[in-house]
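Structure assessment
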Amino acid sequence: MSLVFSGICSHAPGITGRAERADPALRDPLYKAFGKMRDALNAARPDALIVVAAEHFANFFMNNMPAYALGMADAYDGPIEDAEWLRIPHRTVRGNPDLSRRLIVEVQKSVDVAYAEEWRFDHGIMVPLHFLDPDNKLTIIPGNINCQGPPLTPLRRAWAFGEALRHACDAVPERIALVCTGGISHWPATPDSGMINVDWDKDFLNRWAHQDKDAMLSYTDAETYRDAGQGGFEIRTFIAAAAAARGRGTIHFYAPIPIFAVGCTVATMEIV
Amino acid sequence: MSLYQLSKLLFQLNRDEDLKRKFKSAPQDAIAPFGLSEDERRAVLEPDIGLLYVLGVNGQILMHFAAFCGIEWSDYLQRMRDGVKRHGPVRAGIYAMLSGVDEKVAGA
């Protein structure tokens, strides 16, 4: 049928794992925004949800690192992290290998995406699912863009991946939702964890919401690393969402929450 | 110095339950196949989170190893700072520290 929902959100493990250490005045509205995103996602009645994340060495390592990957399994499990550390209980998630295969064939017409019949979800997918699919009812297809182990795919290819996903969603009869998860500026898992470049984040989100392709693709990795940290490389997932949806974005929530280590973001984009 | 092998050990340890059990019962044997330098072996076995950080282990791998070792979040951040203080700046990778050694960015 087509792409029926597109959104972006943060996935930092602190959002669940260190929940009680955040200021409730910021944390609770974030959770509420996730709840509204869940309602909008459900209202779109998706047959499957593609979650494009920037995984953190749960499955892919520098021995064989795909720039892009999509899952093709009948089930996935997560979190790979200690469930108590992340404070998300372990679950087995339903996949759909036949739908995955058909999507992958379409994506491969323009992007040489890798596929994986095994995939264990880390916080990059589990934190969004914790909020967006609390009852574990959705059919999930995981996707990944390597944002962790350089050399990294160019931003213009992340855009092409988003376009390819859109083409693929439009080519299958099912109703497909897309959520791309990542951080904007952040320095995760370093002693600088909690540092957030709010101006940079707002500027990026403005480019994203206005569907300003040239501006979104104009960052060099050196600039991103300098201004937004190694976590900033994850803008690739947000860029892919913009390329897939093609419309204007609405930022439902943005606030820097240092103990969560990122400027927490929940946004959706009109599909045109 | 074999940052790749060191990182690979921690990557596998984070995801392989058998290796976790072996690491707890016979740590020397568990890490033997990875061909680490003496410094690296000591850093893993102790564990010296600060030295692992300075050697350049990616934080997304190191964070989970620290949790596996039972190190609480704020303690994990502090151990990395202490590592830089003791061993000098991060030597490789993309997870260098920008703030001063006595700063606490997240208030953690």
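For the rest of this paragraph, the subject is helix α5 (residues 123-132) of chain A. All names here are of chain A. Within α5, nine of the ten residues are buried, which leaves it mostly tucked inside the rest of the structure. Those residues of α5 that fall on the buried side of the exposure criterion are His 123, Gly 124, Ile 125, Met 126, Val 127, Pro 128, Leu 129, Phe 131 and Leu 132. Capping of α5 at its N-terminal end is provided by Asp 122; its side-chain oxygen lies 2.7 Å from the backbone amide nitrogen of Gly 124.

All names here are of chain A. Pairing in this open sheet of eight strands is mixed, and the strands run β6-β3-β7-β2-β8-β1-β10-β9 from one edge to the other. Each edge of the open sheet is held by one strand with a lone partner, namely β6 (114-116) and β9 (246-257). Pairwise comparison of adjacent strand axes, ignoring direction, gives a mean angle of 20 degrees for this sheet. With three bridges joining them, strand β3 (residues 68-71) and β6 adopt parallel strand pairing. Along β6, the bridge assignment pairs Ala 69 with Ala 114. Where helix α10 (residues 235-245) meets the sheet, it contacts β1 (2-9), β2 (48-53), β7 (140-145), β8 (175-181), β9 and β10 (262-271), and its direction lies at approximately 150 degrees from that of β1.

Once that is clear, we can look at the packing of helix α1 (residues 3-15) of chain B against helix α2 (residues 17-25) of chain B. Residue and element names in this part refer to chain B. Relative orientation of the contacting elements α1 and α2 amounts to 105 degrees, with a least axis distance of 6 Å. Relative to α2, the element α1 is oriented roughly perpendicular. Residues Leu 9, Gln 12, Leu 13, Asn 14 and Arg 15 of α1 lie in contact with α2, whose contacting residues are Glu 17, Leu 19, Lys 20 and Phe 23. Of the residues belonging to the contact of α1 with α2, the class tally is four nonpolar, two polar and three charged.

Bringing the interface of chain A and chain B into the picture now. Across the boundary between the two partners, chain A contributes 32 residues, which contact 30 residues of chain B. Here chain A and chain B share an interface that buries about 2800 Å² over both sides, 62% of which is from carbon and sulfur atoms. Taken as a group, A:Phe61, A:Ala189 and A:Pro191 account for 24% of the area that chain A buries against chain B, more than any other trio of residues on that side. Taken together, the links from chain A to chain B amount to one salt bridge.

Cut-off values and rules
Residues numbered from 1 in each chain as written. Chains lettered and ligands numbered in written order. Predicted model: local features only at pLDDT ≥ 70, side-chain atom pairs only at ≥ 80, totals over all residues. Heavy atoms only, no water. Buried < 20%, exposed > 50% of the residue type's maximum accessible area, 1.4 Å probe, protein only. Helix = DSSP H or I, 4+ residues; strand = E, 2+ residues; numbered from the N terminus. Polar contact = N/O pair within 3.5 Å; in protein donor to acceptor, adjacent residues only side chain to side chain. Pairing = 2+ DSSP bridges. Axes fitted to C-alpha atoms, helices over the stretch in contact; angles between N-to-C directions. Contact = heavy atoms within 4.5 Å. Parallel < 35°, antiparallel > 145°, perpendicular 65-115°, else oblique. Nonpolar A, V, L, I, M, F, W, Y, C, P; charged D, E, K, R; others polar. Buried area = accessible area lost by both parts, 1.4 Å probe. Salt bridge = Lys/Arg side-chain N within 4 Å of Asp/Glu carboxyl O.

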